[in-house]
Amino acid sequence: MQVVILAGGYGTRLSEETDTIPKPMVRIGPDPILVHLMRYFAAFGHSDFIIAAGYKHELIDDFFAEFKHPWNVMVINTGLDVGTGGRLLKLDEYLDDVFLLTYGDGLGNVDLNQLEMIFAQSDFRVVVTAVRPPARFGSIKSSGNLVTSFQEKNPHDEGWINGGFFVLEPTVASYVKSLDEPFESGALVRLANESELIANHH
């Protein structure tokens, strides 16, 4: 199964690193985030990667031209000011079957076998991994100035959010309406409205 990695954004939230390199190329230890991510997919038997590059794409190209690896890696320049949905549109001609999708800056311990099994046993076009965000703030109850209760927030009080690991049918590209459209607020919303989106709760 092909693995698409979205790696084209500007990485502005990590600007101290991404002034000179794309965010997926920021190193953890000796290797870029991107390599750690690809090793994780490879551990589940996936070695056919399509990297949807954009910002400083030539650095990703150059890296994989020299990096010794056993994978099939295709780096596609999908443009600078293109949304995550638009990047999928630009990859349409390269996607030949059901594929895995993730972001180039997110690592996790998602059971990819389970993710694929949920997709295979369903009639949905997309499976998204849902995760709970960490609780960020404690809860204070008071009576006047007197604190009557102080509790760290329970993560189970939070809702589920996009965990960044997907399985998709190639036809999902038809749900993207423009190159600058985010996948998350465009195609995924439309898929959910048509009951074509199912969650893998991680």
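Further up the page is the structure itself.
Residues numbered from 1 in each chain as written. Predicted model: local features only at pLDDT ≥ 70, side-chain atom pairs only at ≥ 80, totals over all residues. Heavy atoms only, no water.

A. Quick peek at the packing of aromatic side chains. A complete count under the given rule lists ten aromatic pairs for this structure. When the ring of Phe 64 is compared with that of Phe 67, the centres are 6.2 Å apart and the planes differ by 90 degrees; the resulting orientation is edge-to-face. Pair check on accessibility: Phe 64 and Phe 67 agree, each one buried. Of the aromatic side chains, those joined through ring pairs into one cluster are Phe 49, Phe 63, Phe 64, Phe 67 and Trp 71. (Phe/Tyr/Trp six-rings, centres within 6.5 Å; stacked < 30°, edge-to-face > 60°. Buried < 20%, exposed > 50% of the residue type's maximum accessible area, 1.4 Å probe, protein only.)

B. Examining the pattern of salt bridges more closely. Under the definition given, this model contains five salt bridges. Among the salt bridges present, the one from Arg 125 reaches Glu 169, with a minimum N-O distance of 3.7 Å. Residue Arg 125 is found in the loop between α5 (112-120) and β7 (126-131), and its partner Glu 169 is found in the loop between β10 (161-168) and α6 (187-193); the two are separated by 44 residues along the sequence. Relative accessible area serves as the criterion here: at 23%, Arg 125 is assigned to the partly exposed category. Assessed through its relative accessible area of 24%, Glu 169 is described here as partly exposed. Among the salt bridges present, the one from Arg 125 reaches Glu 196, with a minimum N-O distance of 3.7 Å. Here Glu 196 lies in the loop between α6 and β11 (197-201) and Arg 125 lies in the loop between α5 and β7, a separation of 71 residues in the sequence. (Salt bridge = Lys/Arg side-chain N within 4 Å of Asp/Glu carboxyl O. Helix = DSSP H or I, 4+ residues; strand = E, 2+ residues; numbered from the N terminus.)

C. View of a negative patch on the surface. Residues Glu 58, Asp 61, Asp 62 and Glu 66 make up a contiguous surface patch of negative charge. Looking at where Asp 61 falls in the secondary structure, it is placed in helix α3 (residues 57-66). Taking the relative accessible area as the measure of exposure, Asp 61 reaches 34% and is therefore partly exposed. (Patch = residues over 30% accessible without salt bridge, like charges linked within 9 Å, V, L, I, M, F, W, Y side chains within 5 Å. Areas by Shrake-Rupley, 256 points an atom, 1.4 Å probe, with all protein chains shown as cover. Lys, Arg positive; Asp, Glu negative; His and termini not counted. Charge placed at Lys NZ, Arg CZ, Asp CG, Glu CD.)

D. Broad picture of the pairing of strand β9 (residues 146-151). With zero of six residues buried, β9 lies mostly on the surface of the structure. Relative to β9, strand β8 (residues 139-143) is paired through five bridges, and the arrangement is antiparallel. Counted as the bridge partner of Ser 139 is Gln 151 from β9. (Pairing = 2+ DSSP bridges.)

E. Expanded view of the sheet that holds β7. A sheet is described by the order of its strands in space; here seven strands give the open sequence β5-β4-β1-β6-β10-β7-β11, paired in mixed fashion. A single partner strand is all that each edge strand has here, and the edge strands are β5 (72-77) and β11. Along the sheet, successive strands turn relative to each other by an average axial angle of 25 degrees, direction set aside. Bridging between strand β6 (residues 99-103) and β10 involves four bridges; their strand directions are antiparallel. (Axes fitted to C-alpha atoms, helices over the stretch in contact; angles between N-to-C directions.)

By themselves these figures say nothing about function.
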